[in-house]
Structure formats: structure tokens, C-alpha cells
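# Structural overview
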Amino acid sequence: MKILFLGDVMGRAGRRAITENLGRLRTEWKLDFIVVNGENATGGMGLSGAHAKLLLEAGADCLTLGDHAFDQKDMLSFIEQEPRIIRPLNFSKSAPGKGARLFTSKNGRKVLVTQALGQVFMKRPFDDPFSALDTVLKTHPLGGLASAIIVDIHCEATSEKMAMGHWCDGRASLVVGTHTHVPTADAMILPRGTGYLTDAGMCGDYHSVIGMEKTEPMRRFITGMPKERFTPANAEATLSGVYIETDDRTGRATRIVPVRDGGLLQTSAP
């Protein structure tokens, strides 16, 4: 299978890049399945139902969220109506929606998508992501009903993401980090066949401070005082993420390539 995972969509610039380019990328790269993290698509904080529809109509097969999953209040009800949206497994025991789901790809194969939130340096305490994922991965062994398994680990600490990658090695096709909005250069296939990338980066305007118009964040760093609200930067976005190819029999990754398309960052494609 040929799978594309795109990192956090950031505001209007990120949405625009998705709607204008995702269909082209599916055709050019002959993609079987596309996952997009929609965590910051609405004003940089969460995902609204309307913007979720926009990303899905643009060609995403599945949307993942993150710690801002329900910042847009209509997502509390919308996620119950739209099975293609995955919230973190360990967000809250009472959270609506699902933290893992089995999808059918364009070529008829089954793909499991799941997401967990890290604990290190996060603003609020979440349940243990390792035990949450363990239950899901034991229920869906790689190469069984699921031809491919994608784990989105949404957290701050690179060490926690790396630990998750090694812990999932041989149990998932791809473990990819989100949340920090900065693409890392460590795409690799781990010894037991799991593709890994510490952070996919963001789909947003990189002439910014992690996607926000840079003036206010810089002011706060320099003076220690807020003056205005953060607003997403809105110049041309770079689509950032990762592409993998998997073995249809085992579900293991056979190839992994970082993806960067458009905007300021150097282009990288399969």
C-alpha cells in the first residue's frame, strides 16, 4: 500500500494547501490512503465541523485530532456523526468519538488508524498512552485483519515519541509524531518493520512561529508580556508529512520518505 500522512493543518493557509493540492498528490503518487491531522485547522485551535468536511472533501480518508480536539465546541457532536475523525484514545474516558477505527482503503484493504496523547510537558495530565495503545494493538495484530496500522503520537517530547516508536516496532506500519509543527529529519524503518518519524511538521505557513503570525509570539518572548491574540500566519503553506509503502502480507513498512510540498521548505517527494 502507498500511504500519506500529513501533519497538523494550521489555519486558513493549511486548509487552502490541502484543498488545492491533496487531489493532485493522490493522483501523482498513486496513493491508497491519506491521513491528515486536523488539530489546528480552525483558527489554529481545534477543528470545526465545517472545516472537517472541507478536508474530507479535499481527499483525506481520515482526520486525526490532538490535545485541542474539542476546542471547537461543535466537534463534540460532529465527531459522533463522522466516523472518519479520530480523537486521542487517552483524551478522556467520557470524550465522544473513537480513538481507533478500521477503515477500508481505495484498493479494498483494511487500515487501522489510532492516536494517543503524550504525557511529558503537556498542559494537562492524560492517561498512559502506552497502555491505551497496547489494548488496540493486541486486538488488531499487524498483518491480520488490518493490512496497515498507523499510530499518530501527539506530544511535545521527542524522547516520548521515540520511545513509542520502538515500543510499537513490529506492531504498526507507521508511528508518526505530531503537535510540535516542526518536521524532523529522522524518517527510518525500525528493525522489526515499523516506519518512524519523530514529527511530521505542519501543513501551514512556515514564515511564522510554529504557524502563528510571528509578531505577537516574538513580543512575548522578548518582553514577557502579551498584547494581542495569536493569529495563524496566512502566506503560502508547505504541506509536511511522511509517505510510506507497506508490504500487503505483513503490513510492515518497506519504504519511508519525508514529504514537503509548496511554500518555503525544500521540496521532498516519493
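In this report, we go over the structure that sits alongside the text.

Reading the values: the criteria
- Residues numbered from 1 in each chain as written.
- Predicted model: local features only at pLDDT ≥ 70, side-chain atom pairs only at ≥ 80, totals over all residues.
- Heavy atoms only, no water.
- Buried < 20%, exposed > 50% of the residue type's maximum accessible area, 1.4 Å probe, protein only.
- Helix = DSSP H or I, 4+ residues; strand = E, 2+ residues; numbered from the N terminus.
- Pairing = 2+ DSSP bridges.
- Contact = heavy atoms within 4.5 Å.
- Axes fitted to C-alpha atoms, helices over the stretch in contact; angles between N-to-C directions.
- Patch = residues over 30% accessible without salt bridge, like charges linked within 9 Å, V, L, I, M, F, W, Y side chains within 5 Å.
- Areas by Shrake-Rupley, 256 points an atom, 1.4 Å probe, with all protein chains shown as cover.
- Salt bridge = Lys/Arg side-chain N within 4 Å of Asp/Glu carboxyl O.
- Phe/Tyr/Trp six-rings, centres within 6.5 Å; stacked < 30°, edge-to-face > 60°.
- Core = buried A, V, L, I, M, F, W, Y, C linked by side-chain atoms within 4.5 Å.
- 1 Å grid on protein atoms, 1.4 Å probe; cavity = no way out; pocket = protein on both sides within 12 Å on 5 of 7 lines; lining within 4 Å.
- Points joined across faces, edges and corners; volume = space filled by probe spheres on them.
- Nonpolar A, V, L, I, M, F, W, Y, C, P; charged D, E, K, R; others polar.

### Some details on the pairing of strand β13 (residues 239-246)
- Among the eight residues of β13, seven are classified as buried, and the element is accordingly described as predominantly covered.
- Sheet topology places strand β1 (residues 2-6) next to β13; five bridges connect them, and they run antiparallel. For L6, the partnering residue across the bridge sits in β13 and is G241.
- Of the pairings in the sheet, the one linking β13 to strand β14 (residues 253-261) comprises eight bridges and is antiparallel in character.

### A few points about the sheet that holds strand β9 (residues 174-178)
- Strand order in the open sheet formed by six strands is β6-β7-β8-β9-β11-β10, with mixed pairing between adjacent strands. Every interior strand has two partners, whereas the edge strands, β6 (100-104) and β10 (188-189), have only one.
- The pairing of strand β8 (residues 148-154) with β9 spans five bridges and is parallel. Paired with I153 across the two strands is G177, which belongs to β9.
- The strands touched by helix α4 (residues 129-139) are β6, β7 (110-117) and β8; relative to β7, the strand with the most contacts, the crossing angle is about 165°.

### Focus on a nonpolar patch on the surface
- On the surface, M218, F221 and I222 cluster together into a nonpolar patch covering about 400 Å² of accessible area.
- Considering the arrangement of structural elements, one finds I222 in helix α6 (residues 215-223).
- By relative accessible area, which is 69% here, I222 ends up exposed.

### What to know about the packing of aromatic side chains
- Following the criterion strictly, the structure yields four aromatic pairs and no others.
- Taking 5.9 Å as the distance between ring centres and 50° as the angle between the ring planes, the aromatic pair formed by F33 and F103 counts as tilted. Of this pair, F33 sits in strand β3 (residues 33-37) while F103 sits in strand β6; the two residues are 70 residues apart in sequence, bridging distant segments of the chain. Residue F33 shares its accessibility class with F103, and that shared class is buried.

### Things to note about the nonpolar core
- Within the largest apolar cluster, 55 residues are counted, with the highest numbers of intra-cluster contacts made by I18, V36, L63 and M75.
- With near-sequence residues (within four places) excluded, L63 lies in contact with V36, L47, A52, L55, L56, R84, I85 and I86.
- Membership of the second largest hydrophobic core comes to 19 residues, among which are F5, C62, L197 and A200.

### Describing the pattern of salt bridges
- As enumerated under the stated definition, the model contains 13 salt bridges in all.
- Residue R24 pairs with E28 through a salt bridge whose shortest N-O separation is 3.3 Å. Of the two residues, R24 and E28 are both situated in helix α1 (residues 11-28); the distance of four residues between them amounts to about one turn of the helix.
- Take R24: its relative accessible area is 31%, and that puts it in the partly exposed class.
- With a closest N to O distance of 2.7 Å, D61 and R26 form a salt bridge. With D61 in the loop between α2 (49-57) and β4 (62-64) and R26 in helix α1, the pair connects residues that are 35 residues apart, well separated along the chain. Both residues of the pair, D61 and R26, belong to the buried class.
- What you see here is one network of salt bridges that share partners, running through R24, E28 and D261.

### Description of the environment of P258
- Position of P258 relative to the elements: it lies in strand β14.
- With a relative accessible area of 23%, P258 lands in the partly exposed category.
- In this structure, the C-alpha to C-alpha distance between P258 and D186, residues 72 residues apart in sequence, is 8.8 Å.
- In this structure, P258 is in contact with A187, G241, V242, S268 and A269, ignoring residues within four places of it in sequence.

### What about the layout of surface pockets?
- When its volume is computed, the largest pocket comes out at roughly 670 Å³.
- Along the walls of the largest pocket sit 25 residues, with M45, H68, K123, E156 and I210 positioned nearest its centre.
- In terms of residue count, the dominant contributor to the lining of the largest pocket is α6 (three residues).
- Classifying every residue of the lining of the largest pocket by side-chain character gives 11 nonpolar, seven polar and seven charged.

### So, the pairing of β1
- Most of β1 is tucked away, with four of its five residues classed as buried.
- Direction of pairing for β1 relative to β3: parallel, over a ladder of four bridges. Bridge assignment links F5 to a residue of β3, and that residue is V35.

Purely geometric stuff here, so don't read any function into it on its own.
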